[in-house]
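Summary of structural features
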Amino acid sequence: MNSVRRAVRLAFEAAGSSGAGTTSSAVVGPEPGTRVAPSSTPERRTVELRIRRQDAPDTAPYWQRFRVAAKPGDNIVSVLRALRLDPVTTDGERVDPVAFEHNCMEEVCGACAMLIDGSPRPSCSTLLAELGDVIRLEPLPKFPVVRDLMVDRARLFAGLQRVQAWVRLDGPWVTHERAPRISQRQWAADYRYSRCMSCGICLAACPQFPDSAGDGRGFIGPSALAQVRLLNAHPLGRYDKTARLHAIMAEGGLTDCGNAQNCVRVCPKEIPLTTAIGELGRQTTLQALKDLFGG
Ligand code: SF4
Ligand code: FES
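In this text the structure is predicted, and so the values were computed from the model without any measurement. (Residues numbered from 1 in each chain as written. Chains lettered and ligands numbered in written order. Predicted model: local features only at pLDDT ≥ 70, side-chain atom pairs only at ≥ 80, totals over all residues.)

**Describing the pairing of strand β3 (residues 45-53)**
The buried count for β3 comes to 7 of 9 residues, which makes it a mostly enclosed element. Pairing geometry for β3 and strand β4 (residues 62-70), over 9 bridges, is antiparallel. For valine 47, the partnering residue across the bridge sits in β4 and is valine 68. The pairing of β3 with strand β7 (residues 134-138) spans 4 bridges and is classified as parallel. Across the sheet, leucine 49 pairs through a bridge with isoleucine 135, a residue of β7. (Buried ≥ 20, exposed ≤ 12 C-beta atoms within 10 Å, placed from the backbone. Helix = DSSP H or I, 4+ residues; strand = E, 2+ residues; numbered from the N terminus. Pairing = 2+ DSSP bridges.)

**A look at the environment of cysteine 196**
With respect to the helices and strands, the residue cysteine 196 is situated in the loop between α4 (184-194) and α5 (201-205). Taking C-alpha positions, cysteine 196 is 6.7 Å from lysine 269, a pair spaced 73 residues apart along the chain. The residues contacting cysteine 196, other than those within four sequence positions of it, are Ser223, Ala226, Gln227, Lys269 and Ile271. (Contact = placed C-beta atoms within 7 Å.)

**Quick look at the packing of α4 against helix α6 (residues 222-233)**
Between α4 and α6, the shortest axis-to-axis distance is 9 Å and the interhelical angle comes to 145°. The element α4 and its partner α6 pack so that their crossing is left-handed. Contacts between α4 and α6 involve Gln186, Asp190, Tyr193 and Ser194 on the former and, on the latter, Ala226, Gln227, Arg229, Leu230 and Ala233. Among the residues forming the contact of α4 with α6, the class breakdown is 4 nonpolar, 3 polar and 2 charged. (Axes fitted to C-alpha atoms, helices over the stretch in contact; angles between N-to-C directions. Left-handed = near helix turned anticlockwise from the far one by under 90°. Nonpolar A, V, L, I, M, F, W, Y, C, P; charged D, E, K, R; others polar.)

**What about the site of ligand 1?**
Neighbouring ligand 1 are 14 residues; Cys196, Cys199, Cys202, Ser223 and Cys267 lie closest to it. Contributions of two or more residues to the shell around ligand 1 are made by α5 and α6. Of the residues assigned to the shell around ligand 1, the class counts are 9 nonpolar, 4 polar and 1 charged. (Near = placed C-beta within 6 Å.)

**A short note on the nonpolar core**
The biggest cluster of nonpolar side chains holds 62 residues, and the ones touching the most others in it are Cys202, Leu225 and Leu273. Considering every element that reaches this core, the biggest residue donor is α6, with 6 residues. Counting only domains with at least three residues in this core, you end up with domain 1 (2-151) and domain 2 (154-293). Setting aside anything within four residues of it in sequence, one finds leucine 225 in contact with Ile220, Ile248, Leu254, Ala276, Ile277 and Leu280. (Core = buried A, V, L, I, M, F, W, Y, C linked by C-beta atoms within 7 Å. Domains from an automatic or database assignment.)

**Quick word on α6**
Over its 12 residues, α6 runs 17 Å from end to end, which matches the ideal 16 Å to within 8%, given 1.5 Å per residue. Within α6, 10 of the 12 residues are buried, leaving the element largely enclosed by the surrounding structure. Regarding α6, the residues found buried are Pro222, Ser223, Ala224, Leu225, Ala226, Gln227, Val228, Arg229, Leu230 and Leu231. Against the buried residues of α6 lie α3 (154-162), α4, α5, α7 (241-249), α8 (262-266) and α9 (273-293). (Expected span 1.5 Å × (residues − 1).)

**So, the sheet that holds β3**
Sheet architecture is open: 5 strands sit in the order β4-β3-β7-β5-β6, paired in mixed fashion. Edge positions in the sheet fall to β4 and β6 (119-122), since each has one partner strand and no second. Here the average twist between neighbouring strands, direction ignored, is 35°. Packing of helix α2 (residues 76-85) onto the sheet brings it into contact with β3, β4 and β5 (113-116), and relative to β4 it is tilted by some 100°.

**Remarks on the packing of α6 against α7**
Two elements in contact, α6 and α7, have axes whose closest approach is 10 Å; the angle formed by their N-to-C orientations is 160°. By the criterion of interaxial angle, the relationship of α6 to α7 is roughly antiparallel. Here α6 runs over α7; the crossing is left-handed. Residues Leu225, Val228, Leu231 and Asn232 of α6 lie in contact with α7, whose contacting residues are Lys241, Arg244 and Ile248. Considering only residue class, the contact of α6 with α7 consists of 4 nonpolar, 1 polar and 2 charged. (Parallel < 35°, antiparallel > 145°, perpendicular 65-115°, else oblique.)

Here it is, written out as structure tokens:
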């Protein structure tokens, strides 16, 4: 899987990343990801961060470069935290600290996702040891920039709302029956989907997921589809299965998937997103027959 992820990253780098008004070509010098002349011992090294910054949602982006001393085992969040203590550019200008998000530091919250050398990745689990001495950081594409590397991921949560990605605790069913039983086999299959941390990385990589929210009826994206797969199998989630299937049979639903398979390659939790999409194809076909003939 690592080699596949590496291939996707390279593809992203080759394609280049872009943003409104500014592209990575605005920065000159060695290509990110390439090793430049050794700047220190292998234990301690100095890395150059090239960061695409944006002061507010409606202002133009621009690039700044920083040099940061990195410790062994550092990840991208570590060096951004170090930079926050002394935000001086390579030109010697003291600037506002770079804004970025992180919480759990263990690939659980999803808040730290960003473009690293052109690939969407969680910055808390991206180790400097995997990267060159010049590292390009950009906000996650497909999501509006709040400031610098912080984005607003409300689009992702709107998608979860569209498919009712939850289990209702109250309803017309008998709730004092024995707890539902799930086989070990089903539990193991479902658990993979429950690992989603709503990072938005799969959406950033998906060519079908629109660049902007538009009227909110564009392709819903792989993360919401995987949650439909998960919750349709849940003993209580099944009560809303029909509504969820109708949601993904509507405009912007399952049939908008172009089968690019980028999502499954970049998902840091290794969620089998395309397997979910395949299973949902069967479920929606059965649902369409039920709608036609009743049942
Ligand atoms: S499916 Fe994977 S990449 Fe997509 S939001 Fe969930 S954890 Fe992130
Ligand atoms: S800080 Fe939570 S996933 Fe990176």
